[in-house]
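So you can see what is in the structure, the chains are spelled out below.
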Amino acid sequence: MPKSDSIFVCQSCGAIHPKWLGKCEACGSWNTLQEEGVRAAPGALAAPVGAKRGKAAAFVDLIGEAHSVPRLKTGIAEFDRVCGGGLVPASALLVGGDPGVGKSTLLLQAAAGAARGGATVAYVTGEEAEAQIQDRARRLGVAQAPVKLAAETDLRKVLDGLKALRPDLVVVDSIQTLWSDGIESAPGTVTQVRACAHELARFAKKSGACVLLVGHVTKDGQIAGPRVVEHLVDAVVYFEGERGLPYRILRAVKNRFGPTDEIGVFEMGETGLMETPNPSALFLGGGGERPSGSAVFAGVEGTRPLLVEVQALAAPAAYGTARRAAVGADSARLAMILAVLETRCGLSFAGRDVYLSIAGGLRITEPAADLAVAAALASALADVPLDADGVIFGEIALSGEIRPVGRTELRLKEAQKLGFKTAYAPRREGAADKAGSREKGGVRVREIAHISDLAALATAPAEGRRR
Ligand code: TYD
Ligand code: MG
């Protein structure tokens, strides 16, 4: 029998249940309930109820003095930009990512950069021994930077040490390894993670330090002790990377002090993470010519912009019935786009096996991918490569008309960030009848009103089409 003062907390969504269940009733996850002590509460280090309390809250006017606290620069331009132009004093930032993606490397480099800039920097590790961090610092060539290092997991000791050191920047790697003795649950449980993050965010607010928390992402892409931590901090960035590929992307998903559609691109090398001045080269194999049948789709995944290569092949069919196969895209959608191309543009895929593949093992569900798929198919059929500097997006109607899609600004911004010059996009709603061309934040937008306009681009002779 469980202890009568126990509660069961879902480690995925944080819901509290009075008894153990195989499935969380709140979020539907299986086997995520874990027994935790009821003494657990955010702010457990605060004075207990009934103890002498301080002064009542003081209220001030909305129009205060203009504070222009300078931001703390880490010297890693991509990192500073994703944070909205440097780190904000008295704030907490969560850096999430898969184990092994390079969070510790990034934050050690950032800590060293800030320390070299004159800031007092503390690096608290609960994951590795001091010697391991020192080794890594030597390998990264930052061992000379005046960063203060401590291997500690006891939150109370960490906070006492920080109060004595009075740092400008604190890195805590990781939030899942910390534990507070005011809480009965094991380290890494939702309750512990929430309490520790809460205390550290409070420390940031009180002391004026900027606190960077590392959070591991669980297999389903959530930071363990998930939404609860995201709500406690001022900014959340994710560090992502494909296995086997050297590039890493840092994305802001929440930022109280800056935009959330910024990305930073790094390359993991022998001496740590290097900033990537021309990321499109990494994504698209040199950025020069692309083969026929390849189109770059400017997509949006959830709230995140994502450029994806769409590949198509139209091979002569060996047998009577031609094959149509799609990997990473819906085959019904492929059939529809083929039918529209045949009917509205007079292209014939009869006697051809048609294959469609989304690079990088991604799965595309957005209708906005239609136009990129159509362009890849037309390009494959004509064996003419598409504009190597262009991205494509738009939904295709059965009539062949191109419908507008949402988040245009986000797509264009990502395209510009990754070095693309042109976007083939639907006409803006309410715009004049004639499709035109406009300039938007460094990207030329070629408006496509009907699918036949796009097919013409893909089949025109390469020389005439370029620039
Ligand atoms: P790490 O920062 O420890 O990842 P995390 O903290 O997110 O778990 O980085 C782990 C990987 O990075 C590891 O597989 C080795 C690789 N790496 C390099 O390729 N070059 C380097 O200079 C360093 C320090 C790590
Ligand atoms: Mg690490």
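Refer to the preceding data block for the structure.
About the criteria used
Residues numbered from 1 in each chain as written. Chains lettered and ligands numbered in written order. Predicted model: local features only at pLDDT ≥ 70, side-chain atom pairs only at ≥ 80, totals over all residues. Heavy atoms only, no water. Near = heavy atom within 4 Å. Polar contact = N/O pair within 3.5 Å; in protein donor to acceptor, adjacent residues only side chain to side chain. Areas by Shrake-Rupley, 256 points an atom, 1.4 Å probe, with all protein chains shown as cover. Nonpolar A, V, L, I, M, F, W, Y, C, P; charged D, E, K, R; others polar. Salt bridge = Lys/Arg side-chain N within 4 Å of Asp/Glu carboxyl O. Helix = DSSP H or I, 4+ residues; strand = E, 2+ residues; numbered from the N terminus. Buried < 20%, exposed > 50% of the residue type's maximum accessible area, 1.4 Å probe, protein only. Pairing = 2+ DSSP bridges. Axes fitted to C-alpha atoms, helices over the stretch in contact; angles between N-to-C directions. Parallel < 35°, antiparallel > 145°, perpendicular 65-115°, else oblique. Contact = heavy atoms within 4.5 Å. Left-handed = near helix turned anticlockwise from the far one by under 90°. Right-handed = clockwise from strand over helix to strand, strands pointing away. Phe/Tyr/Trp six-rings, centres within 6.5 Å; stacked < 30°, edge-to-face > 60°. Lys, Arg positive; Asp, Glu negative; His and termini not counted.

A. How the structure looks around the site of ligand 1. Taken together, 16 residues surround ligand 1, and among them Gly100, Lys103, Ser104, Thr105 and Gly269 come closest. Between ligand 1 and the protein, one listed contact pairs an oxygen atom with a side-chain N or O atom of Thr105 at 2.5 Å. In this structure, Arg136 approaches ligand 1 through a side-chain N or O atom, which is 2.9 Å from an oxygen atom. Burial of ligand 1 by the protein chains amounts to 71% of its free accessible area of 560 Å². Classifying every residue of the shell around ligand 1 by side-chain character gives four nonpolar, seven polar and five charged.

B. Just the pattern of salt bridges, in detail. Under the counting rule described, the total for this entry stands at 14 salt bridges. Between Glu199 and Arg202 there is a salt bridge whose closest N-O contact spans 3.7 Å. Taken together, the positions of Glu199 and Arg202, both in helix α5 (residues 190-207) and three residues apart, correspond to about one turn of that helix. Note on Arg202: relative accessible area 36%, which makes it partly exposed. Where Arg333 meets Glu395, a salt bridge forms, and the shortest distance between an N and an O atom there is 3.9 Å. Here Arg333 is found in helix α8 (residues 331-345), whereas its partner Glu395 is found in strand β18 (residues 395-396), with 62 residues between them in sequence.

C. Representation of the pairing of strand β4 (residues 91-97). With respect to burial, β4 is a largely interior element, seven of its seven residues being buried. The side-chain alternation of β4 yields two buried faces, one formed by Ser91, Leu93, Val95 and Gly97 and the other by Ala92, Leu94 and Gly96. Here β4 pairs with strand β9 (residues 235-240) via five bridges, running parallel. Within the sheet, the bridge partner assigned to Val95 lies in β9 and is Val237.

D. Broad picture of the sheet that holds strand β2 (residues 16-17). Taken in spatial order, the three strands line up as β2-β1-β3 in an open sheet, and their pairing is antiparallel. Looking along the sheet, the strands with just one partner apiece sit at the ends: β2 and β3 (33-37). Across two bridges, strand β1 (residues 6-10) lies against β2 in antiparallel orientation. Looking at the pairing, Phe8 lines up with His17 of β2.

E. A look at the packing of helix α4 (residues 155-165) against α5. Where α4 contacts α5, the two axes come as close as 11 Å, and the packing angle between them is 10 degrees. For the element pair α4 / α5, the angle class is roughly parallel. Across from Leu155, Leu159, Leu162 and Lys163 in α4, the residues of α5 making contact are Cys196, Glu199, Leu200 and Phe203. Of the residues that constitute the contact of α4 with α5, the class distribution is six nonpolar, no polar and two charged.

F. Highlighting the packing of helix α2 (residues 103-116) against helix α3 (residues 130-140). It is the contact of α2 with α3, at a shortest axis distance of 11 Å, that shows an interaxial angle of 70 degrees. By the angle between their directions, the pair α2 and α3 is classed as roughly perpendicular. For the pair α2 and α3, the sense of crossing is right-handed. Of the residues in α3, those touching α2 at Ser104, Thr105, Leu108 and Gln109 are Ile133, Arg136, Ala137 and Leu140. Looking at side-chain class alone, the contact of α2 with α3 contains four nonpolar, three polar and one charged residues.

G. Region of the structure containing the pairing of strand β6 (residues 147-151). Taken together, the five bridges between strand β5 (residues 121-125) and β6 define a ladder with parallel strand orientation. Residue pairing for β6: Ala122 is matched across the bridge by Lys148. Regarding topology, α3 serves as the crossover connection from β5 to the parallel β6, and that connection is right-handed.

H. Here's a closer look at the environment of Ala397. As for its position among the elements, Ala397 is in the loop between β18 and β19 (402-403). In sequence terms Ala397 and Met336 are 61 residues apart; their C-alpha atoms lie 9.5 Å from each other. Discounting residues that sit within four places of it in the chain, Ala397 has contacts with Val340 and Arg403.

I. Focus on the packing of aromatic side chains. Counted by the stated rule, this structure contains one aromatic pair. Aromatic side chains Phe239 and Phe266 sit 5.9 Å apart centroid to centroid with 80 degrees between the ring planes, which places their arrangement in the edge-to-face category. Taken together, the residues span a long stretch of sequence, with Phe239 in strand β9 and Phe266 in strand β11 (residues 263-269) at a distance of 27 residues. Take Phe239: its relative accessible area is 1%, and that puts it in the buried class.

J. Representation of the sheet that holds β4 in the model. Spatially, the nine strands line up as an open sheet ordered β6-β5-β7-β8-β4-β9-β10-β11-β12, and their pairing is mixed. The sheet terminates laterally at β6 and β12 (272-275), the two strands that pair on one side only. Neighbouring strand axes in the sheet, compared pairwise and without regard to direction, differ in orientation by 25 degrees on average. Summarising the sheet, strand β10 (residues 247-255) and β11 pair through five bridges and their orientation is antiparallel. For Tyr247, the partnering residue across the bridge sits in β11 and is Glu267.

K. A look at the side chain of Asp353. Mapping Asp353 onto the fold places it in strand β16 (residues 352-358). Arg324 provides the closest opposite charge to the buried, salt-bridge-free Asp353, at an N-O distance of 5.6 Å. A distance of 2.7 Å separates a polar atom in the side chain of Asp353 from the backbone nitrogen of Arg323. Apart from the residues within four sequence positions on either side, Asp353 is in contact with Leu313, Ala314, Ala315, Pro316, Ala317, Ala318, Thr321, Ala322, Arg323 and Arg324.

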